[in-house]
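Topology and contacts: notes
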Amino acid sequence: MCHGSSYILQKVLQLLIGNGCRLAAPGEYTQRAFLGGKMDLSQAEAVADLIASTSAATHRLAMSQMRGGFSKELASLRDQLLHFTSLIELELDFSDHEELEFADRSELCLLADGIEQVISRLVQSFSVGNAIKNGVPVAIIGETNAGKSTLLNALLNEERAIVSDIHGTTRDVIEDTVNLGGITFRFIDTAGIRETSDTIENLGIERTFQKLEQAEIVLWVVDATNAVSRIPQLTAQILPRCEGKRLILVFNKADLVQDASTILTPSFTLAATNVQCISISAKGRTNLDKLQQMLISAANLPTVTQNDVIVTNIRHYEALTHALEAIQPGPTRDSRKSIRRFCFTRYPRMYFPSKRYCGGSYERYGTWEYFRTFLHRQVKLIIYTQLSPKRKR
């Protein structure tokens with residue numbers, strides 16, 4: 001027994017290596033499990049997500065995916081489509097019998113509708129899954145010297161950004177994550193917005209607007225000592241880019257204002273439901289806890305359990321999006337050509353993206369389904385040919 005001694009552990013490793021052993025490469029056991037068919041690609045990816053999980057929600061999502069929750073969801077849809085396609089293929093072998101149908105057309109239409117709903121739900125879950133896995137993006141914007149970097153340091157509880165009285169100190173984007181109430185937030189400190197002839201600072205301001213459009217929550221930091229004149233100047237630049245986002249107007253340096261009631265409440269906050277206001281002092285950490293609660297409420301993430309199937313991987317999202325495009329619009333009930341076109345042109349576009357992530361083989365499984373179906377459908381064909389009148393040639 002090593003009893004935790006690093007010296008003894010190193011000697012044991014040296015002894016093992018000297019006798020022909022070698023250290024496993026990073027992820028080698030997971031790779032062997034994948035190559036050996038013990039887990040599919042989505043489960044192998046979940047192992048890395050589990051190791052990198054930083055919150056209870058990301059841990060639960062990774063555990064669900066590693067146990068095959070996502071794979072089972074896709075495999076069920078794929079098996080239903082494979083079964084129905086095998087019936088259509090069987091009909092092609094007896095195409096001279098136009099009246100003969102092995103596949104119920106109404107059943108396929110219901111199946112296509114159900115699959116479309118499931119895929120659509122998985123596609124829509126990516127916004128939640130991405131926010132849980134990578135953090136809810138929160139852009140901190142405003143004019144220079146409004147206290148954006150001070151606010152970032154206060155939220156992170158560390159000196160992450162340089163704070164100075166000189167205008168334009170922050171010229172590039174600074175990002176970092178923190179867990180608030182079980183939710184991971186990715187705070188993005190940006191360059192201050194102002195008119196300047198400095199080329200480097202202008203590049204930083206361009207990145208500010210780029211991050212503003214990518215964020216889900218926007219903290220617009222305003223100097224409370226001069227809010228009356230500053231807010232109207234930036235309203236036209238900021239508000240149009242905040243459509244569909246949660247906007248929190250943060251009046252910083254409230255400790256320097258003698259009467260807090262004199263802080264301006266812009267008229268647009270009264271009409272907009274996605275705008276909130278709060279007065280804080282980032283330097284003195286006043287009302288910082290209230291701002292954190294506002295952020296948690298603005299994130300509005302659902303409670304995730306290990307039974308929930310939520311897409312967190314961009315590759316999975318891309319494949320599901322292609323599958324959703326392939327199934328829309330679905331087949332019509334009154335057209336044989338529409339049914340066959342759906343099965344042999346759109347269906348493969350839905351199947352093969354799922355095959356990459358949950359395994360399986362269309363050729364192997366489809367062939368087996370064909371012959372299995374062929375055996376017990378032959379009885380129906382014999383009865384049909386014996387009882388139906390002879391067709392004129």
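The structure contained in this document is the topic of the report that follows. Computed from a prediction, not measured in an experiment: that's the story for all the values here.

Focus on the pairing of strand β2 (residues 174–180)
- Bridge count for β2 against strand β3 (residues 183–189) is seven bridges, and the pairing is antiparallel. The residue bridging D176 from the neighbouring strand is F187, located in β3.

What to know about the pattern of salt bridges
- Enumeration according to the criterion identifies twelve salt bridges in this entry.
- Between E73 and R121 there is a salt bridge; the shortest N-O distance is 2.7 Å. Here the residue E73 occupies a position in helix α5 (residues 69–93), and R121 occupies one in helix α6 (residues 105–124), the gap between them amounting to 48 residues.
- The exposure class of E73 is partly exposed, given its relative accessible area of 22%.
- Classification of R121 as partly exposed rests on a relative accessible area of 40%.
- Linking K253 and D223 is a salt bridge whose minimum nitrogen-to-oxygen distance equals 3.5 Å.

Describing the packing of helix α3 (residues 41–52) against helix α4 (residues 56–66)
- Here α3 crosses α4 at 155°, and the two axes come no closer than 8 Å. It follows from the interaxial angle that α3 and α4 lie roughly antiparallel. Here α3 and α4 pass one another in a crossing that is left-handed. Contacts from S42, Q43, E45, A46, V47, D49 and L50 in α3 reach H59, A62, M63, Q65 and M66 in α4.

Notes on the packing of aromatic side chains
- Counted according to the given criterion, the structure contains two aromatic pairs.
- When the centroid spacing of 6.1 Å and the interplanar angle of 20° are considered together, the rings of F185 and F187 count as stacked. Comparing F185 with F187 shows no difference in burial state: the two are buried.
- The lysine or arginine in question, R241, covers the ring of F209, its NZ or CZ lying 4.1 Å from the ring centre.

Examining a nonpolar patch on the surface
- A surface patch of nonpolar side chains, amounting to about 360 Å² of accessible area, comprises Y7, I8, V12 and L16.
- One can find V12 in helix α1 (residues 6–18).
- Residue classification places V12 among the partly exposed positions, given a relative accessible area of 35%.

About the cut-offs
- Residues numbered from 1 in each chain as written.
- Predicted model: local features only at pLDDT ≥ 70, side-chain atom pairs only at ≥ 80, totals over all residues.
- Heavy atoms only, no water.
- Pairing = 2+ DSSP bridges.
- Helix = DSSP H or I, 4+ residues; strand = E, 2+ residues; numbered from the N terminus.
- Salt bridge = Lys/Arg side-chain N within 4 Å of Asp/Glu carboxyl O.
- Buried < 20%, exposed > 50% of the residue type's maximum accessible area, 1.4 Å probe, protein only.
- Axes fitted to C-alpha atoms, helices over the stretch in contact; angles between N-to-C directions.
- Parallel < 35°, antiparallel > 145°, perpendicular 65-115°, else oblique.
- Left-handed = near helix turned anticlockwise from the far one by under 90°.
- Contact = heavy atoms within 4.5 Å.
- Phe/Tyr/Trp six-rings, centres within 6.5 Å; stacked < 30°, edge-to-face > 60°.
- Lys NZ or Arg CZ within 6 Å of the ring centre and 35° of its normal.
- Patch = residues over 30% accessible without salt bridge, like charges linked within 9 Å, V, L, I, M, F, W, Y side chains within 5 Å.
- Areas by Shrake-Rupley, 256 points an atom, 1.4 Å probe, with all protein chains shown as cover.

Everything listed here is a matter of geometry and, on its own, says nothing about what the molecule does.
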